[in-house]
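Observations on chain architecture
Listed here are the chains, written in short residue letters.
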Amino acid sequence: MMNWRNDGVAKVTGKAKYADDIKFFDMLHCVPVYTNEVHAEILSIDIGQAEKSKGVVKVITAKDIPGVKKFGQIRKDYSLIAEDKIRYEGDVIALILADTLENALNAVPKVSAKFKKLKAILSPEEASKDELLVHDVYGSNLINHHKVRKGDTDRGFSECDLIVEDYYETNFVEHGYLEPESAVCQVRDDGVIEVYGSMQHPFSTRRFTAALLGKKLSEIEVITIPMGGGFGGKDDTAAIVCARTALASWVCNKPVKMTYTREWSIKESYKRHPYKMNYRVGLKQGKIHALQCSIITDGGAYTSVSPWVTWRSTVQCGGPYIIPNVFTDVKAYYTNNVYTGAFRGFGSPQVNFAIEQIVEVIADKLGIDAITLRKNNMLRQDSVTVSQQKLDNHIVSLEQVLDRAIKESDYCKKIAKCSFGKGDDSKLYGIGLAMSYRGCSLGAEGKDFTSAIINVQFDGSILLEVAIHENGQGSETAMINILANEIGVPASKIRYRRSSTSQIPDGGTTVASRGTLMGGGALMDAIKNLKVIINNTIASELKCKPEEITYSDNNLSSPNGENISWEDAMGILYQNCTYPYAFGSFEAPKVTWNEENGSGNAYFTYVYSAQVAEVEIDIKSRKVKVLDIFAVHDIGKAINEGLLSGQVYGGVVQGLGMALKENMIIKDGHITTNNFHNYRMYRANELPRIHDFIIENPDPNTPSGAKGIGEPALEIISPAIANAIYRATGKRMKKLPMLAEDICKQ
Ligand code: MOS
């Protein structure tokens with residue numbers, strides 16, 4: 001059963017019901033109204049003509065918001081409906097509600113507005129001058145500035161015998177979830193507003209919706225439904241769409257649906273942060289001795305989670321290496337571009353793209369192979385990280401992971417075959433490698449705890465609910481697998497209850513590869529509590545002490561060989577009027593952070609990864625064909641191997657898109673690659689062979705031993721590809737995406 005998933009059949013047969021599939025009687029359709037402005041003061045908005053348009057029930061503007069008009073997980077700087085200013089092309093000035101989608105769309109051009117145009121700030125460099133502010137109230141365009149100050153870099157560099165300086169750049173990236181933003185809301189008879197939407201964050205969606213409507217948390221119920229991809233992208237924008245739909249539903253007291261087109265989605269939804277990175281790395285006798293790293297990024301019009309994304313970059317800026325002297329600055333600025341936020345990887349793919357190439361540049365300069373350089377400098381058991389964290393509470397398996405990747409890919413033999421420096425073949429071959437350490441879960445970003453409920457029925461069937469959201473990654477199945485395994489019953493007896501914010505306590509956001517790790521932790525606690533209840537009742541039947549009972553093969557057993565089936569045991573609980581019902585919670589081990597010098601135990605544990613890429617480049621077309629990817633990850637413990645592979649394949653493919661294809665173009669603040677026709681992502685028939693390997697060192701900090709895989713799988717693909725391209729061509733690719741026109745033979 002390891003590869004079974006509870007929603008598999010529904011999804012492959014197309015029967016799964018997503019937000020846009022939900023319909024209610026007398027349901028209205030809602031559409032957003034954008035302007036063509038990028039930076040402008042709003043002088044007036046005229047909705048008169050639109051309200052008279054056929055089928056239109058209401059045109060909602062900011063004036064109709066009864067509660068808090070501004071939204072934000074960190075800074076409340078985003079207006080759910082723009083009122084005074086346009087800060088990027090995705091700002092919405094009105095919502096049109098009509099009887100049909102067509103009638104709603106027809107009314108959009110009838111909304112007219114007057115603006116005072118302002119100069120647009122289109123780059124973080126320009127923003128840093130603070131000549132014109134995107135948000136006057138903050139007094140500066142600087143969103144955040146994270147620092148790492150470790151050791152003494154002045155002295156460190158003066159002691160170095162080799163110093164390498166390099167500049168790397170990455171682009172905006174679209175998440176490209178197949179299902180665009182969508183929500184359906186209705187006001188229930190009891191006044192509670194039900195929200196069905198495509199989002200990663202039922203609890204934050206509830207919080208924002210309640211704030212917008214001026215209601216209590218208990219008056220909003222966000223109900224989980226299948227979601228067609230998120231990847232970090234169904235965070236702010238998805239919650240915003242849900243909150244707007246709830247507002248529309250509340251204003252008209254009718255069910256309302258709002259489903260985005262691809263163009264609206266790309267225009268409005270936040271992207272991956274584009275990074276500009278200056279690196280200076282000093283070596284002393286073959287050891288990385290000093291690192292100076294200066295990064296700026298375009299935060300776009302709103303803060304979103306830029307401070308958290310860029311924080312992870314500080315922790316991972318030096319790669320998985322021991323570096324005694326570090327001086328890092330990471331700054332995010334407001335501009336009038338599309339805003340940037342959470343995206344699978346969360347600030348690490350960018351820095352990995354730089355540092356994992358730089359170590360190879362250094363190795364070449366030293367005339368040693370890059371594996372030796374990595375091994376001489378990598379984090380090992382009890383090593384201290386860039387942020388001064390001693391890695392002593394889990395197994396640091398970087399070398400194990402790296403060795404496995406080298407072995408499985410036959411790297412050492414293949415590196416000798418690489419084309420750079422060899423004859424004149426029309427096809428060039430290269431192999432490249434990259435590795436990382438990645439902090440698990442939220443780290444010092446926020447409160448990290450979650451919950452689980454097991455409700456066993458008296459016939460032995462089981463209802464399970466965990467406050468982690470099914471983002472499509474298979475978290476429901478992973479939770480079922482853990483429970484089935486721990487209580488020794490087949491997974492078929494367990495039904496996952498779709499979570500609802502009114503049923504289970506707030507379990508935080510389902511992000512940061514924390515689903516299995518945190519949800520599994522809470523579930524293990526619930527299992528422990530459940531067993532206490534069951535054991536106390538059943539011990540006398542089995543003639544043993546409660547703590548001696550074991551669970552396997554659908555039986556409860558005592559050490560002296562007494563057995564009782566799971567069903568019979570539940571029958572006995574019924575006779576005793578005892579509920580086999582348990583709640584469990586898990587709080588992540590404490591983390592610490594000093595923002596002044598960027599030090600602390602940033603994350604309570606780390607995932608270790610190494611990936612190898614093989615490429616073939618056609619000299620004439622310069623097209624890079626990725627042949628094979630070897631992905632090795634230490635994820636603690638595998639809960640479901642099929643789902644794990646799925647995460648690796650998905651992460652690798654999404655990473656490949658960022659590396660080689662996805663080229664977001666923004667001109668004067670307008671995204672011109674506004675659909676999947678001109679924003680090209682990888683297609684199934686273009687994919688390489690992907691070989692995934694799991695290393696298990698159960699993590700002592702998590703009750704299930706599992707860590708996470710969603711993001712590690714993506715975060716080192718682009719440097720592995722870049723290193724492979726270099727070994728094929730001799731050209732260092734310092735900019736993402738790595739496009740054919742930039743690839744040439746040196
Ligand atoms: Mo994420 S990018 O932490 O959903």
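Residues numbered from 1 in each chain as written. Predicted model: local features only at pLDDT ≥ 70, side-chain atom pairs only at ≥ 80, totals over all residues. Heavy atoms only, no water.

Side note on the sheet that holds strand β22 (residues 550-552)
Within a beta sheet, neighbouring strands are joined by backbone hydrogen bonds and run either parallel or antiparallel to one another. Note the cut-off: Think of it this way: DSSP has to see at least two bridges between two strands before they count as a pair. Labels follow the DSSP assignment, with helices taken as runs of H or I lasting at least four residues and strands as runs of E lasting at least two, numbered in each case from the N terminus. For helices, the axis comes from a line fit to the C-alpha atoms of the stretch in contact; other axes are also lines fit to C-alpha atoms, and the angle between any two N-to-C directions lies between 0 and 180 degrees.
One open sheet holds the three strands; their spatial order is β22-β23-β24, and the pairing between them is antiparallel. Of all the strands in the sheet, the pair left with one neighbour each is β22 and β24 (563-565). Recorded for the sheet is a direction-independent mean angle of 25° between the axes of neighbouring strands.

Observations regarding the packing of helix α9 (residues 306-316) against helix α10 (residues 348-366)
Using the following cut-off: Angle categories: roughly parallel below 35 degrees, roughly antiparallel above 145, roughly perpendicular from 65 to 115, and oblique for all the rest. Should the near helix be turned counterclockwise from the far one by less than a right angle, the crossing is left-handed, whereas a clockwise turn marks it as right-handed. Whether two residues are in contact is decided by their heavy atoms, any of which lying within 4.5 Å being enough. Classes in brief: Ala, Val, Leu, Ile, Met, Phe, Trp, Tyr, Cys and Pro nonpolar; Asp, Glu, Lys and Arg charged; the others, Gly included, polar.
For the pair α9 and α10, the least separation of the axes is 8 Å and the interaxial angle reads 30°. By the angle between their directions, the pair α9 and α10 is classed as roughly parallel. The two elements α9 and α10 meet at a crossing, and its hand is right-handed. When α9 is examined against α10, the residues Arg312, Ser313 and Gln316 are found in contact with a partner set consisting of Ser348, Val351 and Asn352. Along the lines of polarity and charge, the residues of the contact of α9 with α10 split into one nonpolar, four polar and one charged.

Examining the pattern of salt bridges
Opposite charge on two side chains allows them to pair when their charged atoms are near. The criterion, for reference: One speaks of a salt bridge when a side-chain nitrogen belonging to Lys or Arg is within 4 Å of a carboxyl oxygen belonging to Asp or Glu. Residue burial is assigned from relative accessible area. The probe radius is 1.4 Å, only protein chains are included, and a residue is buried under 20% of its type maximum, exposed over 50%, and partly exposed in between.
Evaluation of the coordinates by the stated rule reveals 44 salt bridges. Between Asp20 and Lys257 there is a salt bridge whose closest N-O contact spans 3.7 Å. Within this pair, whereas Asp20 is found in the loop between α1 (8-12) and β1 (28-34), its partner Lys257 is found in strand β14 (residues 256-259), the two being separated by 237 residues in sequence. Judged by relative accessible area, Asp20 falls into the partly exposed class, the value being 38%. A salt bridge links Lys528 to Asp525; its shortest N-O distance comes to 3.4 Å. Of this pair, Lys528 and Asp525 both sit in helix α15 (residues 515-542), three residues apart, which is roughly one turn of the helix. The class of Lys528 is exposed, set by a relative accessible area of 52%.

Looking at the packing of aromatic side chains
Operational definition: Centres within 6.5 Å make a pair out of two Phe, Tyr or Trp rings, where for Trp the six-membered ring is used; the pair is then stacked when the planes are under 30 degrees apart, edge-to-face when over 60, and tilted otherwise. Our definition puts a charge over a ring when NZ of Lys or CZ of Arg is within 6 Å of the ring centre and also within 35 degrees of the ring normal.
Enumeration over the complete set of coordinates arrives at 19 aromatic pairs. Measuring from ring centre to ring centre gives 5.6 Å for Tyr270 and Tyr339, while their planes differ by 50°; the resulting arrangement is tilted. One end of the pair, Tyr270, is in the loop between α8 (262-268) and β15 (275-284); the other, Tyr339, is in the loop between β17 (325-334) and α10, and 69 residues separate them in sequence. With relative accessibility at 1%, the residue Tyr339 sits in the buried group. Between the NZ or CZ atom of Arg207 and the centre of the ring of Phe208, over which it lies, the distance is 5.9 Å. The side chain of Lys417 reaches across the aromatic face of Tyr429, ending 5.0 Å from its centre.

Details of helix α6 (residues 202-213)
Worth spelling out the cut-off: How far a helix is expected to stretch is found by multiplying one less than its residue total by 1.5 Å.
Given a rise of 1.5 Å per residue, 12 residues ought to cover 16 Å, and the 16 Å separating the end C-alpha atoms of α6 matches this to within 8%. Within α6, 10 of the 12 residues are buried, which leaves it mostly tucked inside the rest of the structure. Listing the buried residues of α6 in full gives Pro202, Phe203, Ser204, Thr205, Arg206, Phe208, Thr209, Ala210, Leu212 and Leu213. Considering only its buried residues, α6 is in contact with β4 (70-71), β12 (193-197), β13 (220-223) and α7 (236-252). Once α6 ends, the next one or two residues include Gly214, with phi positive near 65°.

Some words on the sheet that holds strand β30 (residues 689-695)
A sheet is described by the order of its strands in space; here four strands give the open sequence β18-β26-β27-β30, paired in mixed fashion. Since the sheet does not close on itself, it has two edges, and those belong to β18 (427-439) and β30, each with one partner. Direction aside, the axes of adjacent strands within the sheet are offset by 15° on average. Here α9 sits on the sheet and contacts β18 and β26 (606-618); the angle it forms with β18, its principal contact strand, is near 105°.

What to know about the state of the cysteines
The test is simple: When two cysteine sulfur atoms lie within 2.5 Å, the pair is treated as a disulfide.
Following the criterion strictly, the structure yields zero disulfides and no others. We note that Cys160 lacks a disulfide partner, and the nearest cysteine sulfur, in Cys293, lies 15 Å from it. Judged by its relative accessible area of 16%, Cys160 is buried. Of the cysteine sulfurs around Cys242, a residue in no disulfide, the closest is that of Cys185, at 6.2 Å. Looking at Cys242, the relative accessible area reads 1%, which means it is buried.

Concerning a nonpolar patch on the surface
Threshold: A patch consists of residues exposed above 30% relative accessible area that lack any salt bridge, with like charges linked at up to 9 Å and nonpolar side chains (Val, Leu, Ile, Met, Phe, Trp, Tyr) linked at up to 5 Å. Only the protein chains shown count as cover for residues, and all accessible areas are computed by the Shrake-Rupley method using a 1.4 Å probe.
A contiguous nonpolar surface patch, about 470 Å² in accessible area, is contributed by Phe458, Tyr574, Tyr579 and Tyr581. Among the secondary structure elements, Phe458 is positioned in the loop between β19 (449-456) and β20 (462-466).

Let's talk about the environment of Thr702
Here Thr702 lies in the loop between β30 and α18 (717-729). Counting along the chain gives 219 residues from Thr702 to Leu483, while the straight-line C-alpha distance between them is 15 Å. Ignoring sequence-local partners within four residues, the contact set of Thr702 consists of Leu517, Phe586 and Phe604.

Thoughts on the pairing of strand β25 (residues 581-587)
Every other side chain in a regular strand lies on the same face of the sheet, so the side chains alternate between the two faces. In β25, alternate side chains face the same way, and those of Ala582, Gly584 and Phe586 are buried while those of Tyr581, Phe583, Ser585 and Glu587 on the opposite face are not. Relative to β25, β19 runs antiparallel, the two being bridged by seven bridges. Opposite Ser451, over in β25, you have Ser585 as the bridge partner.

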